[in-house]
Every structure is written in structure tokens, then in C-alpha cells.
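# Summary of structural features
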Amino acid sequence: MKSMHFAQTFLLAGLILPGMQDAEQTAAPQSASLELYGTFQAMGVIVSLSAGDDPEQNAVAGLAYRPSGQGAFGQGFPLSRIGATRFVGSLFWLQAGTSYDVRVTFSDPGGILDGVSVQSAGTTRSEVSLPTPSQAYYVSNHGSGSLCSLAQPCGLTEGLNRVGPGQAVILRGGVYYQGEINRNTSNSGYGASGPIFLFHNTGDAALADNDGFEVKSPGSWARLYLRNNIWAGTAYALSNANPNQPLDMDYDDLYTTLPGELAYWEGLPDRHLRTLPMLQAASGQELHGINQPPGFRNAAGGDYHLSPTSGLVDVGLIIPGINADYLGSGPDLGAFEQQNLPIRCYLPLILK
Ligand SMILES: [Ca+2]
Ligand SMILES: [Ca+2]
């Protein structure tokens, strides 16, 4: 039975009333429960209420966590409501094989949930040790032939065709522009989705005539939230073919190498939004957006860290639970936080 898998991390929460931490529960809501599902470096958080706890469905669920018993709670990303009595969310950047105290506190002005907390503890999974593969196929982006050895790597297709159970494909360094791996993308399709959050992604079209980020149709979702992403295209930085779906985009860098274009927005009299101000005026999105070259260290070589001179360093929005451990004066846009190289000071050496 699959659900047995989670039995160790499912714990019914203890209720904490305002100002009465760790006290006995004395009032409604008495049925709020907290479920925690640890993976290796993240943890799923689910809170279920009873029907009468929040009939107006206006409560907001804040999230806090800490390594069990250690220090103050840090703020997590708030849970999303996915139903009348159900909230879900995640903790990120956790340590594997570690126990965490998790607390969900409701804000519910005028309601019985206001200030109520539920708390529990959950554990992330321990890192697995992979057995040594019985056979390794080395591939590289310039590989050829069928030896698939370290000295003479083959192409990715060859490696994938040959690999079997208990064996491994080892990718040599480089950027693979081959379309042989079909990834299952779940954010667009025919079924309705809850809220979707896209934070700190780096999207670089790399090849000619490609968009940085595409919102496809069909598909429906509660809301699509984008913050602190880099969408670099060679066609449009952003293409929205599904403009009737709720969208909340801000603090992203939108850039394209295609002259005179920036975004494509279906349904507008003029679907070409050629500048950031035009996009902002027409869509109301990206009011703190940026339109400038990302300044990757070495995109052609696969290094998508930002160079120290990139204008995207330190300009991101602080999102608790997502990027609170930023470096410098603020989070950087994109997937990689700028690592300030150590300052090397060469002093004159004087010998007497
Ligand atoms: Ca309420
Ligand atoms: Ca920074």
C-alpha cells in the first residue's frame, strides 16, 4: 500500500491557542490537523480544518519551522488554500535525515481561527547511497560512436538507448541541446491546477527563435505566481497564449535578443508588447520587472551564474521560506545566488 510509505512522518498536530503555547486545546477548532511529508531536502505540509472552522474561507495560513528543538522558528512560505478546509505548502532547503518542528499559524480576522497554531514535527529522509552501477555509459554533447567510454564518449541518444537496469549514463560536462529527453510538464494541460509558483528560475532560450517563457493554452489554474526569474529569449522573452488565466508576475527579468520585441500577449489588439512599459500598461504585470541582458558568466559554456557586474544581482524580492538566506544586500534573480569571490589582497612583502 503506497500510503504506508508516509506513515512515519504523519503526525496529528497539537493545537496551540494564542498566547498558550503547548497548552491543552480548550476551544474550537479542535479538528485542525497537520500532516508532514518529508523528502530529502523539502517537506510537504498539509493542514486540514473542519467545516465550521473557517466558513468564510478567508483565513490565511502562515508557516514557520526550525530544526527540532533548536533556536527560533524561521518563516516559511505561506500555505496555499486548495479547498474550503485544506491548505498545502512546502518547506525548502532542508537538511536530509533531520527532524523539524513545523508550525502553522492562522490569521483569520474576526474568526475563531485567528492566532491559532497547529504544530508538529517531521523528518526528512536520509540520503540514499547508490550502488555502484554494473556498467557506465559515458556520453558527451560532442560524443559519437558506440564505445561510450570515458576516453571516447558517445552521444546522449546512444547512451540512453543502451543503458539498462542497474547501469548508469554519465554525462560529461557541457550543455546538451538535444531534444531526446521528454520531460513530463504538469503546469499546462486540460485539468485544472491550484496555484502555481515559479520562483528563481533561469530560462535561457539559447537556440534561435525560442521564447524565454511560454504560458501555454489550454490549461487552467488558480493563479500563476512568478517572482525573481530570468526569462531570456531569442524570440519573445515572454509569450502568453492563455491570457484569461490568473497571472501574477513581478520582479522578473524579461530579455530577448530579438530587436523590437519583448512579449507576445494573445487577445490584445496589438499582441506585440515591444517594451517593458508597454507590457506593464497592457497587462498590469511586472511593475518591478527588469529588461536587461542577464549577464551570465558563460552561458555558452553552461555557466548560468551571474557575473559580478550583472544588473540582476541583489535586486530580487525577499520571499520568506524561499530565499531568506540570500547573499549581499538582496536576493539575485535567477537560479543562482551570486557568490562573492573572496577578496584577495596582495600586500607588499618587505624583508629586512
Ligand atoms: Ca474566517
Ligand atoms: Ca544577492
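Report follows, based on the coordinates. The model shown is predicted, which means the values in this text are computed figures rather than measured ones.

## Notes on the pairing of strand E10 (residues 136–139)
Burial along E10 is one-sided: the face carrying Tyr137 and Val139 is buried and the face carrying Ala136 and Tyr138 is not. With four bridges joining them, E10 and strand E11 (residues 168–171) adopt parallel strand pairing. Among the inter-strand pairings, Tyr138 is bridged to a residue of E11, identified as Ile170. As for the winding sense of the linkage, the β-α-β connection from E10 through helix H1 (residues 156–162) to E11 is right-handed.

## Here's the deal with the environment of Arg103
Within the fold, Arg103 resides in strand E8 (residues 99–107). Residues Arg103 and Leu34, spaced 69 residues apart in sequence, show a C-alpha to C-alpha distance of 8.7 Å. Not counting residues within four places of it along the chain, the set of residues in contact with Arg103 comprises Ala64, Phe73, Ser117 and Gln119.

## Section: the pairing of strand E6 (residues 80–83)
Bridge count for E6 against strand E7 (residues 86–91) is three bridges, and the pairing is antiparallel. Note that in E7 the partner of Ser80 across the bridge is Val88. The turn linking E6 back onto E7 is made up of two residues.

## Here we look at unusual backbone geometry
Here Ser217 and Pro218 are connected by a cis peptide whose omega angle stands at 5°. A positive phi is found at Asn228, a non-glycine position, where the angle reads about 60°. Along the chain, Asn228 turns up in the loop between strand E17 (224–227) and strand E18 (230–233). Residue classification places Asn228 among the buried residues on the basis of 27 C-beta atoms within 10 Å. For Glu286, which is not glycine, the phi dihedral falls at a positive 60°. Mapped onto the fold, Glu286 is located in the loop between helix H2 (276–283) and strand E24 (296–298).

What counts, and at which threshold
- For every chain, the first residue of the written sequence is number 1, and numbering continues from 1 along that sequence.
- Written order decides the labels, with chains lettered from A and ligands numbered from 1.
- It should be noted that, the model being predicted, local features are given only for residues of pLDDT at least 70 and side-chain atom pairs only at 80 or more, the latter also being counted only at that level, while totals for whole chains, interfaces and linings use all residues.
- Counting other C-beta atoms within 10 Å of a residue's own tells you its class, since 20 or more makes it buried, 12 or fewer makes it exposed, and anything in between is partly exposed; those C-beta atoms are placed from the backbone.
- A run of H or I in DSSP becomes a helix once it reaches four residues, and a run of E becomes a strand once it reaches two; helices and strands are each numbered from the N terminus.
- In this description, strands pair whenever DSSP reports at least two bridges between them.
- Here a crossover is taken to be right-handed if, once the strands point away from the viewer, the path from the first strand over the helix to the second is traced clockwise.
- Each residue gets a C-beta atom placed from its backbone, and two residues are in contact if those atoms lie within 7 Å.

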